[in-house]
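For reference, the chains in residue letters:
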Amino acid sequence: MFDQLSDRLKQSFRDLRGRGRLTEANIAQAMREVRIALLEADVSLEVTRHFIDRVKARALDREVLGGLSPGQAVVGVVRDELVRLMGEANDALNLAAQPPVVILVAGLQGVGKTTTVGKLARLLKQRHRKTVLVAGADVYRPAAVEQLRLLAIDAEARFFDATAAGAAVANDPVAIATAALAEARKSAVDVVLVDTAGRMHLDDDMMAEIRRIHRAVAPTETLFVADSMSGQDAANSARAFDEALAFTGVVLTKTDGDARGGAALSIRQVTGKPIKFLGVGEGLDALEPFHPDRVASRILGMGDVLSLVEEAERKVDRDKAQKMASKVAGGRAFDLEDYRDQLTQMEQMGGLSALLEKLPGLDRLPQKTLAANLSGNQQTTRTIAIINAMTPHERRFPAILRASRKKRIAHGAGTQVQDINRLLKQFLQMQKMMKKMNKRGGMKRMMEEMRRAGVDGGG
């Protein structure tokens with residue numbers, strides 16, 4: 001998300017480099033570029049105008065101190081204002097209320113609402129150690145309840161089966177939500193997630209129904225799910241929904257496919273309600289708490305190391321990592337099984353592109369190197385498939401791979417011999433790096449060589 005906006009903003013700041021001081025003229029020029037960038041990102045005109053006015057006023061009053069260039073000074077102001085625009089800090093779910101905590105989830109049809117309920121169930125179960133019951137109050141969309149049941153199984157949450165309570169309950173959204181809450185109380189469940197019906201647009205019937213559900217279960221949290229790719233429409237839908245039934249927060253979905261980010265920048269200003277989560281992929285683990293300061297840093301190319309560390313803490317297999325470190329430190333060779341484990345763990349963290357966007361200085365990488373890395377997720381999957389097609393002996397001793405073995409492996413992995421050769425070349429480079437890391441000062445030397453390789457890769 002924010003790729004287009006990020007590129008335009010960084011270009012406008014580059015134009016300020018080399019200036020001796022900030023003046024009204026060069027600030028005005030930079031703000032014209034920022035204004036265009038925001039509008040192209042589908043940020044509303046009202047929000048854009050307000051943002052530009054605040055940045056311009058602060059930048060003109062700010063002295064360039066301690067060696068900061070004019071460009072750096074303006075970046076600092078823009079970052080601060082982006083954080084303020086998006087909500088200052090993460091607004092977490094209120095899970096401290098008397099259990100069962102009820103979370104009501106609403107939104108238009110097709111925004112990923114039911115999938116979001118599954119993701120929330122997984123997050124509450126794994127990160128907050130809560131027992132969760134999910135209930136489907138969408139009695140209109142075919143297979144909606146079955147979809148939710150399967151998601152509950154994957155998330156290891158309990159599913160409320162309304163059909164067991166009889167047709168009178170199963171066909172009434174309010175009765176389903178009420179019965180689910182009663183079941184949660186009886187079973188001492190921590191959190192109840194209620195999925196509600198979506199519509200093609202906000203209509204009177206939809207709002208009347210969800211108000212009835214709201215009155216019946218008195219939710220601690222009412223979350224509005226919005227499709228980030230709809231830009232200003234998402235913000236407008238959120239405002240209309242909030243006017244009819246006040247919600248406590250927003251979940252923005254499909255942010256992995258949104259290069260603009262206008263919804264994230266507009267929705268807080270338009271509704272006054274916080275964005276609580278971002279849906280960053282299709283898997284149940286692909287839900288991130290929304291941190292305005294971290295998102296602002298990503299937009300400006302400063303990276304998001306805190307999120308990267310937190311994700312590694314959750315997803316990296318520590319036992320495997322420790323075993324590999326001990327193996328390399330003990331002088332044993334880094335083999336293709338180790339390489340596969342590293343690639344698999346990287347995939348679990350969203351692939352190379354997801355890692356790169358959280359690293360600071362991404363905008364300084366050569367474009368050729370960056371493009372190759374950002375398109376590398378499919379290559380990673382193919383590489384893992386190739387290694388899986390090898391025998392355990394071949395993975396441990398790749399030097400034995402000759403033409404006949406390569407042909408068999410390529411056939412088994414559904415690829416070409418050239419891909420096997422490319423993999424082996426990459427593996428040898430990684431093997432050399434691992435050896436250097438095992439020597440005194442090796443990590444520092446390795447990082448320097450990687451930096452030089454990146455520069456050279458830019459042609």
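What you see as residue numbers is a count from 1 along each chain, following the sequence as written. The predicted origin of the model limits local features to residues at a pLDDT of at least 70 and limits the giving and counting of side-chain atom pairs to 80 or more, whereas totals for whole chains, interfaces and linings rest on all residues. Calculated side-chain values reflect all of the structure's heavy atoms, with hydrogen atoms and water omitted.

**Re the nonpolar core**
At step 1: Core analysis: the biggest nonpolar cluster contains 69 residues, and Phe51, Leu82, Leu252 and Leu265 have the highest contact counts within it.
At step 2: Per the convention used, a helix needs a DSSP run of H or I reaching at least four residues, while a strand needs a run of E reaching at least two, with both numbered from the N terminus. Ranked by residues supplied to this core, first place goes to helix α4 (residues 70–86) with eight residues.
At step 3: Definition of nonpolar core: a set of buried residues of the types Ala, Val, Leu, Ile, Met, Phe, Trp, Tyr and Cys, connected through side-chain atoms within 4.5 Å. Per-residue accessibility, obtained with a 1.4 Å probe over protein chains only, is compared with the maximum for each type, and a residue is labelled buried under 20%, exposed over 50%, and partly exposed between these values. In terms of nonpolar packing, the next biggest core, distinct from the first, is built from 27 residues, Leu95, Val111, Val132 and Ala152 among them.

**Overview of the side chain of Thr48**
At step 1: Tracing the backbone shows Thr48 in helix α3 (residues 45–61).
At step 2: Thr48 gets classed as buried once you look at its relative accessible area, which sits at 1%.
At step 3: Any two residues whose heavy atoms approach within 4.5 Å are treated as being in contact. The residues contacting Thr48, other than those within four sequence positions of it, are Arg35, Leu38, Leu39 and Val43.

**As for helix α6 (residues 144–155)**
At step 1: An expected span of 1.5 Å times one less than the residue number is assigned to each helix. Taking 1.5 Å per residue, twelve residues should reach 16 Å; α6 reaches 16 Å between its end C-alpha atoms and fits that length.
At step 2: By the burial criterion, the buried members of α6 are Ala144, Leu148, Leu151, Ala152 and Ala155. Seen end-on, α6 carries its buried residues on one side only, within an arc spanning 105°.
At step 3: Turning to α6, the residues buried within the fold contact α5 (113–126), β2 (132–136), β3 (158–159) and β4 (191–195).
At step 4: Once α6 finishes, Glu156 follows within two positions and takes phi at roughly 60°, a positive value. Comment: arc refers to directions from the helix axis out to C-beta atoms.

**Considering the pattern of salt bridges**
At step 1: Criterion for a salt bridge: a side-chain nitrogen of Lys or Arg within 4 Å of a carboxyl oxygen of Asp or Glu. Inspection of the entire model under this criterion finds 18 salt bridges.
At step 2: With its nearest N and O atoms 3.0 Å apart, the salt bridge here joins Arg84 to Glu81. Of this pair, Arg84 and Glu81 both sit in helix α4, three residues apart, which is roughly one turn of the helix.
At step 3: By relative accessible area, Glu81 is classed as buried at 2%.
At step 4: Taking the shortest distance from any N to any O, the salt bridge between Glu183 and Lys186 comes out at 3.6 Å. Of the two residues, Glu183 and Lys186 both sit in helix α8 (residues 173–187), three residues apart, roughly one turn of that helix.
At step 5: Exposure remark for Lys186: the relative accessible area of 68% places this residue in the exposed category.

**Quick word on the pairing of β2**
At step 1: Judged by how many residues are buried, β2 sits mostly within the fold: five of five residues are covered.
At step 2: Alternating positions in β2 separate into two faces, Val132, Val134 and Gly136 on one and Leu133 and Ala135 on the other, with burial throughout.
At step 3: Whether two strands pair depends on DSSP finding at least two bridges between them. Pairing of β2 with β3, which is carried by two bridges, proceeds in the parallel orientation. Looking at the pairing, Leu133 lines up with Arg158 of β3.

**Looking at the confidence of the model for the protein**
At step 1: For the protein, the average pLDDT comes to 79, and 75% of its residues sit at 70 or higher.
At step 2: Within the protein, β4 carries the highest mean pLDDT (96), whereas helix α22 (residues 442–457) carries the lowest (45).
At step 3: By definition, pLDDT measures how confident the predictor is in each residue, and it falls between 0 and 100. Contacts of residues 363–376 to residues separated by more than four positions or lying in other chains number 18 contacts, the stretch itself having pLDDT below 50.
At step 4: A low-confidence stretch, residues 449–459 stays under pLDDT 50, and its non-local contacts, those more than four residues away or across chains, total eleven contacts.

**Brief notes about the packing of aromatic side chains**
At step 1: Aromatic pairs are defined between Phe, Tyr and Trp rings, using the six-membered ring for Trp, whenever the two ring centres lie within 6.5 Å; interplanar angles under 30 degrees are classed as stacked, those over 60 as edge-to-face, and all others as tilted. Enumeration according to the criterion identifies four aromatic pairs in this entry.
At step 2: A centroid spacing of 5.7 Å and a plane angle of 15° characterise the contact between Phe224 and Phe247, whose relative ring orientation is stacked. Here Phe224 is found in strand β5 (residues 221–227), whereas its partner Phe247 is found in the loop between α10 (232–244) and β6 (249–253), with 23 residues between them in sequence. Per residue, the accessibility class of Phe224 equals that of Phe247, and both read buried.
At step 3: Ring geometry for Tyr339 against Phe427: centres 5.9 Å apart, planes inclined by 45°, an arrangement best described as tilted. Placement of Tyr339 in helix α15 (residues 336–348) and of Phe427 in helix α21 (residues 417–437) is noted, with a sequence separation of 88 residues between them.

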